[in-house]
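Next come the chains, spelled out residue by residue.
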Amino acid sequence: MHHFDDIYPFSAIVGQEQMKKALLLNAINPRIGGVLIKGEKGTAKSTAARALARLLPEHPVVEGCAFGCDPGDYRGLCQDCEKKYPDLVAIPRKMKVIELPISATEDKVVGSLDIEHALKHGERKFEPGVLAKANHNILYVDEVNLLNDHIVDVLLDAAAMGVNIIEREGVSYVHPAAFILIGTMNPEEGELRPQLLDRFGLCVDIEGIHDADTRVEVVRRRKAYDDAPDPFITSWQREEEDLRERILTAKELLPQVTASEDMLTMIAQICIDMAVDGHRADLVMLKTSATIAAFKGRTEVTEEDVREAAELVLSHRMHRQPFSDQQMDKEKVEQSIEKSQQEKKQPEQQQQNPENQKPKENTTPDGSTTTQFAEGQPFKVSQKPLATPRRIDSFKRDGSGRRSVTESRDGKYVRSRIPKTIGPDIALDATIRAAAPHQKDRKGPLAVKIESSDLREKVRERKMGNTILFVVDASGSMGAQQRMTAVKGAILSLLIDAYQKRDRVGLVVFRGKTAEVLLPPTSSVELARKYMQQLPVGGKTPLAHGLSKAFEVLQREKMINRHTIPRLILISDGKANVSLGSGSPLDDANEVAARIKDAGISSLVIDSEKGYIAFGLAQTLSQEMGAKYLKLEDLQADQIADVVKGIGM
Amino acid sequence: MHHFNDIYPFTAIVGQEQMKKALILNAINPRIGGVLIKGEKGTAKSTAARALAHLLPDRQVVDGCIFGCDPVDAKGLCFDCQKLALPLPVKNSRMRVVELPISATEDKVVGSLDIEHALKKGEKRFEPGILAQAHRNILYVDEVNLLNDHIVDVLLDAAAMGMNFIEREGVSYVHPAAFILIGTMNPEEGELRPQLLDRFGLCVDIEGIHDAGTRVDVIRRRQKYEDTPEEFIRSYEPQEQELRERIVRAQKLLPDVAVSDDMLKMIAQICIDMAVDGHRADITMMKTAATIAAYNGRNAVIDEDIREAAALVLSHRMRRRPFSEQKMDTGKMEQSILRTQGQKAGVAAAQQHTHTHTHQH
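This one's a predicted model, so the numbers in the text were calculated from it and none came from an experiment.

(A) A look at the overall build of chain A. Helix and strand counts for chain A stand at 26 helices and 23 strands. Relative to its full complement of 649 residues, chain A shows a buried share of 49%. Sequence separation of 24 or more characterises 78% of the internal contacts of chain A that already satisfy a separation of 6 or more.

(B) Expanded view of the pairing of strand E1 (residues 35-39) of chain B. Residue and element names in this part refer to chain B. Counted residue by residue, E1 has 5 buried out of 5 residues, so it is predominantly covered. Both faces of E1 are covered, namely the face carrying Val 35, Ile 37 and Gly 39 and the face carrying Leu 36 and Lys 38. As judged from the 4 bridges shared by E1 and strand E10 (residues 180-185), these two strands associate in the parallel manner. Across the sheet, Val 35 pairs through a bridge with Ile 182, a residue of E10. Alignment of E1 against strand E11 (residues 202-206), held across 5 bridges, turns out to be parallel. Bridge pairing in E11 places Ile 37 opposite Val 204.

(C) Seen up close, the domain arrangement of chain B. All names here are of chain B. The domains assigned to chain B are domain 1 (10-57 + 95-206) and domain 2 (257-360). Each partner contributes residues to the interface: domain 1 has 17 residues there, and domain 2 has 12 residues. Of all elements in the fold, only helix H1 (17-28), helix H8 (194-198) and E11 reach the threshold of two or more residues within the side of domain 1 that touches domain 2.

(D) Inspection of the packing of helix H23 (residues 585-598) of chain A against helix H24 (residues 617-624) of chain A at higher detail. All names here are of chain A. Close contact between H23 and H24 brings their axes to 8 Å; oriented N to C, the two are set at 35 degrees. Of H24, the residues touching H23 (which contributes Leu 586, Ala 589, Asn 590, Ala 593, Ala 594 and Lys 597) are Leu 617, Leu 621 and Glu 624. Grouping the amino acids of the contact of H23 with H24 by side-chain chemistry returns 6 nonpolar, 1 polar and 2 charged.

(E) The sheet that holds strand E4 (residues 97-99) of chain A, seen in detail. Residue and element names in this part refer to chain A. Ordered in space as E4-E7-E10-E1-E11, the 5 strands form an open sheet in which the pairing is parallel. Each edge of the open sheet is held by one strand with a lone partner, namely E4 and strand E11 (202-206). Recorded for the sheet is a direction-independent mean angle of 20 degrees between the axes of neighbouring strands. Examined bridge by bridge, strand E1 (residues 35-39) and E11 share 5 bridges and lie parallel to one another. Bridge pairing links Gly 39 to Ile 206 in E11.

(F) Helix H18 (residues 428-435) of chain A, seen in detail. Of all 8 residues making up H18(A), 6 are buried, and the element is well covered by its neighbours. Taken together, the buried positions of H18(A) are A:Leu428, A:Asp429, A:Ala430, A:Thr431, A:Ile432 and A:Ala435.

(G) Local environment of the packing of helix H22 (residues 543-560) of chain A against H23(A). Residues and elements named next belong to chain A. Running from amino to carboxyl end, H22 crosses H23 at an angle of 20 degrees, the nearest separation of the two axes being 8 Å. Classified by the interaxial angle, the pair formed by H22 and H23 is roughly parallel. Between H22 and H23 lies a crossing whose hand is left-handed. Across the interface between the two elements, Leu 543, Ala 544, Leu 547, Ser 548 and Phe 551 from H22 touch Pro 585, Asp 588, Ala 589, Val 592, Ala 593, Arg 595 and Ile 596 from H23. For the contact of H22 with H23, the per-class residue count stands at 9 nonpolar, 1 polar and 2 charged.

(H) Here's a closer look at unusual backbone geometry. Residues and elements named next belong to chain A. Of note, Gln 16 is a non-glycine position whose phi angle comes to about 50 degrees, a positive value. Along the chain, the position of Gln 16 falls in the segment before helix H1 (17-28). Owing to 23 C-beta atoms within 10 Å, Gln 16 belongs among the buried residues under this scheme.

(I) Representation of the pairing of E1(A) in the model. All names here are of chain A. Along E1, 4 of the 5 residues are buried, which leaves the element largely enclosed by surrounding structure. Across 4 bridges, E1 lies against strand E10 (residues 180-185) in parallel orientation. The residue of E10 that forms the bridge with Leu 36 is Gly 183.

(J) Seen up close, the sheet that holds strand E22 (residues 602-607) of chain A. All names here are of chain A. What the 6 strands build is an open sheet, ordered E19-E18-E17-E21-E22-E23; its pairing is mixed. Each edge of the open sheet carries a strand with a single partner, namely strand E19 (514-522) and strand E23 (628-631). On average, each strand axis in the sheet is inclined to that of its neighbour by 15 degrees, with strand direction left out of account. Examined bridge by bridge, strand E17 (residues 465-473) and strand E18 (residues 504-511) share 7 bridges and lie parallel to one another. Along E18, the bridge assignment pairs Val 472 with Val 509.

(K) Main features of the nonpolar core. Core analysis: the biggest nonpolar cluster contains 220 residues, and A:Val35, A:Leu52, A:Ile138, A:Ile267, B:Val35 and B:Leu52 have the highest contact counts within it. With 10 residues, helix H13 (residues 280-295) of chain A is the largest single contributor of residues to this core. If near-sequence neighbours (up to four positions away) are discounted, A:Leu52 is found in contact with A:Phe10, A:Leu23 and A:Ala27. With 57 residues, the next largest nonpolar core counts A:Leu469, A:Ala515, A:Leu518 and A:Ile596 among its residues.

(L) Structural detail: the interface of chain B and chain A. Every contact between the two is made by 55 residues of chain B and, on the other side, 60 residues of chain A. Counting only elements with at least two residues in the side of chain B that touches chain A, the list comes to helix H4 (106-110), strand E5 (112-113), helix H5 (115-121), helix H7 (149-161) and helix H9 (212-227) of chain B. With 9 residues, the single largest contributor to the side of chain B that touches chain A is H9(B). In the side of chain B that touches chain A, the residues fall into 17 nonpolar, 17 polar and 21 charged.

(M) Region of the structure containing the confidence of the model for chain B. Residues and elements named next belong to chain B. The pLDDT averaged across chain B works out to 83; a share of 90% of its residues lies at or above 70. Residue range residues 347-361 is modelled with pLDDT below 50. Its contacts to residues more than four positions away, or to other chains, number 6 contacts. Two numbers describe this predicted complex: its pTM, 0.74, and its ipTM, 0.73.

(N) Representation of the domain arrangement of chain A in the model. Residues and elements named next belong to chain A. The domain boundaries assigned to chain A delineate domain 1 (10-57 + 95-251), domain 2 (59-93), domain 3 (257-347), domain 4 (380-400 + 464-646) and domain 5 (407-462). Computed over C-alpha atoms, the centres of domain 1 and domain 3 are 25 Å apart. Taken together, the contact pairs 18 residues of domain 1 with 13 residues of domain 3. For the side of domain 1 that touches domain 3, the secondary structure elements donating two or more residues are H1, helix H8 (194-199) and E11.

(O) Spatial organisation of the confidence of the model for chain A. Residue and element names in this part refer to chain A. Averaged over every residue, the pLDDT of chain A is 77; the share at 70 or more is 82%. Contacts for the low-pLDDT stretch residues 347-368, under 50 throughout, to residues beyond four places or in other chains number 15 contacts. Taken as a whole, residues 379-401 scores under 50 in pLDDT and shows 34 contacts with residues more than four places along the chain or in a different chain.

Parameters at a glance
- Residues numbered from 1 in each chain as written.
- Chains lettered and ligands numbered in written order.
- Predicted model: local features only at pLDDT ≥ 70, side-chain atom pairs only at ≥ 80, totals over all residues.
- Helix = DSSP H or I, 4+ residues; strand = E, 2+ residues; numbered from the N terminus.
- Buried ≥ 20, exposed ≤ 12 C-beta atoms within 10 Å, placed from the backbone.
- Contact = placed C-beta atoms within 7 Å.
- Pairing = 2+ DSSP bridges.
- Domains from an automatic or database assignment.
- Axes fitted to C-alpha atoms, helices over the stretch in contact; angles between N-to-C directions.
- Nonpolar A, V, L, I, M, F, W, Y, C, P; charged D, E, K, R; others polar.
- Parallel < 35°, antiparallel > 145°, perpendicular 65-115°, else oblique.
- Left-handed = near helix turned anticlockwise from the far one by under 90°.
- Core = buried A, V, L, I, M, F, W, Y, C linked by C-beta atoms within 7 Å.
- pLDDT = per-residue confidence, 0-100.

Here is the structure:
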């Protein structure tokens, strides 16, 4: 068994050049703002992050400081170090990888009141959390897309400012939290919120290596390492040393790197043409290009640097089109580069507008032709019942008005109870009340003497909301007779309802050979509508894929957002013709449907089948799923008011 | 303010004029009631809100009062100040930006039992929270749409009353909490509750700049700031000082700004035609127009001021059909302006006036 401290050498990682480059660039210049590594399991993601820390040179920290302040950086000192300044003792420290487990609670992340200290000494003391430890270190979040939403918000806040502000449970505190954020995720398990995506400076997509020889090399090295870690690490000593040296040289060179006016214009032009949101991409691209230049030993940013940087900076900042990968269009980048160069040559020439009209019909990677349909009018008839007070009543009972006791600490404190085990969420008022009658018989330095039998903990409550996942059939059969237009109208009507109830909504679409999560559950109904408008139609009907994808999404949603009631609305004609494995497509779909029923997810099937010869496939499916069943036509009648209420419990 | 978080100078922000104007107007006249900045990520929303702290003017407070009570406002005094002998001790203090982090717990927001005091002395004592600090200051909430619902409830209560009532953990207390709410949000991350939306006096929608040259400016300034923050901040000090002085001048001028009946009618007409709910829009528009006039060094509101004010006041107050973009129809507003001007007994001069304006816009 190997020692815990052993770390696989960075230079011994085979392939994955983009990932290695992104990590190295962050090591040279932490201001780039971290890396998001997207990829399948077992592609050396976390190995690389840990190896990187080992590679980084030691840096001075203030001895005994909980935040690892840099004694040379007066402006970045924490409150304690600032008081002691300039009498600070510097000691060298290795950069560490601080892991943020996805099960972490909010108070563990931001820090909280040290309850034990408070009760024993009657003093308030701040107990630092993960963000404090992460200062001047690497904060590593494995499976960042599975992180609880509220933790993500907190993380974003700190990452953006480099500061952690705590206003919780009797403590007010501010401390520096400047860290390199490294996140990994497997996109199959759900997407990341756009806001969080944008906070990662760079993003790399990696996959397993497909070349047999290289794969053999991966296995060989790993085996050598596992068998005898020490000799293996020693044998890579030289490479590691070289790389370390190179990082140091680049670090020193970095402040001297300049970017010409032309390069800046090129960066701006690329960002405009790629239609990224805001200006963060521009800044990160400049920093990244400069760091690439420094890494290559140059003091001038070249076009090639910008090109390399663009690849790392833009891929996760593009607006996504449904059923197209969120990928950077290299050709488009080249056009932008050319354009900015032409402008330089002929400044008087009017800029052309390259806005070319997208054809309505286009071919997708899987070869099938798709068409986009207009969005049907939201039903006029259905507007009326939606607005009736009865409707509002029903959603109050049925959704946002519901409150539930929560185990997490971000709810409203409603009452106290005797804790089963002594946790951090102590209800102080109740504790003091419990201790009050015994004060005469107790001795101690404090006015109120508290023993463990007095402790009471808080019981918190939170509002519950719905998460409605729309599972939409976008296969060719839905394209017939403008069915899709009607379907879009139906979804829109339901979205309006969701908007009014402040539900979260998500969108899963299946067509061709696969299903895709077009929109992970979000509270922005607006966004759902945007995605739905762009929905392409065409190809086969992989119904089972769609359902199983939806099942995954809702299971995950239950995990990251405990205060939600998952609901599923399937809109399809039920004519499945793609199977998951070797079974029949219909059986597969029914099987997944049964699983959804077993998981207690309430659902609704809207049957879009039309015509005399009805197969009733969607109806059978709805029975398997324990779902309420409706025909699309019914939906257009007055009934819509009862629909969403109907799938409630 | 935290020293390890240098603040990017307000005057160094490139473009985003609407946002800057809305913030400045609030600094001049807190009664406008705050601003909500909506926009895509990476558009200097939070930077601007935090940068405002440096531009805020001084005002008088009761010396020694933790809530910073206004000595002139006898009715708004806290318990402690009410007990003080007159005349109240007065000192000057600068308005602050108090930040409400989204991880804040309810007890820290409204205030709670003072733990240390309770354990050491065995006495109940109220410990003020963020709402207490926010009295007569700016309460800034980054990502306001992500705030927990129960915190929003508390915030709404306090905002509506200008008071914070505490009944929790065995403490009963009331204190004034009249604050200016400034919030930023990215609509992609979810909508804001309508009640909270209505609490913001002004609202601006911002997006990234699409001109390459200006974008280069953004990059360059930000880069310079990150490389040498102190030097960068210093280099903008003259501009900051100038703006600060302009704000103070406007504040002094504000009480003298007159709003004529014609102008009031115009405001009312616009609000009627734009079908806004209630009367808060009218009142806010009047205050905003007057503040714009003062900012421009005038002591009378002209229709241009109203036009500018309407753009800031109405966009989030339009009765909104779901999914129709909540945007103000400027054409419609011009019609309202024309109509009120037409009512002014057919003076030729008025006609002339209208003409020039329609040409300009």
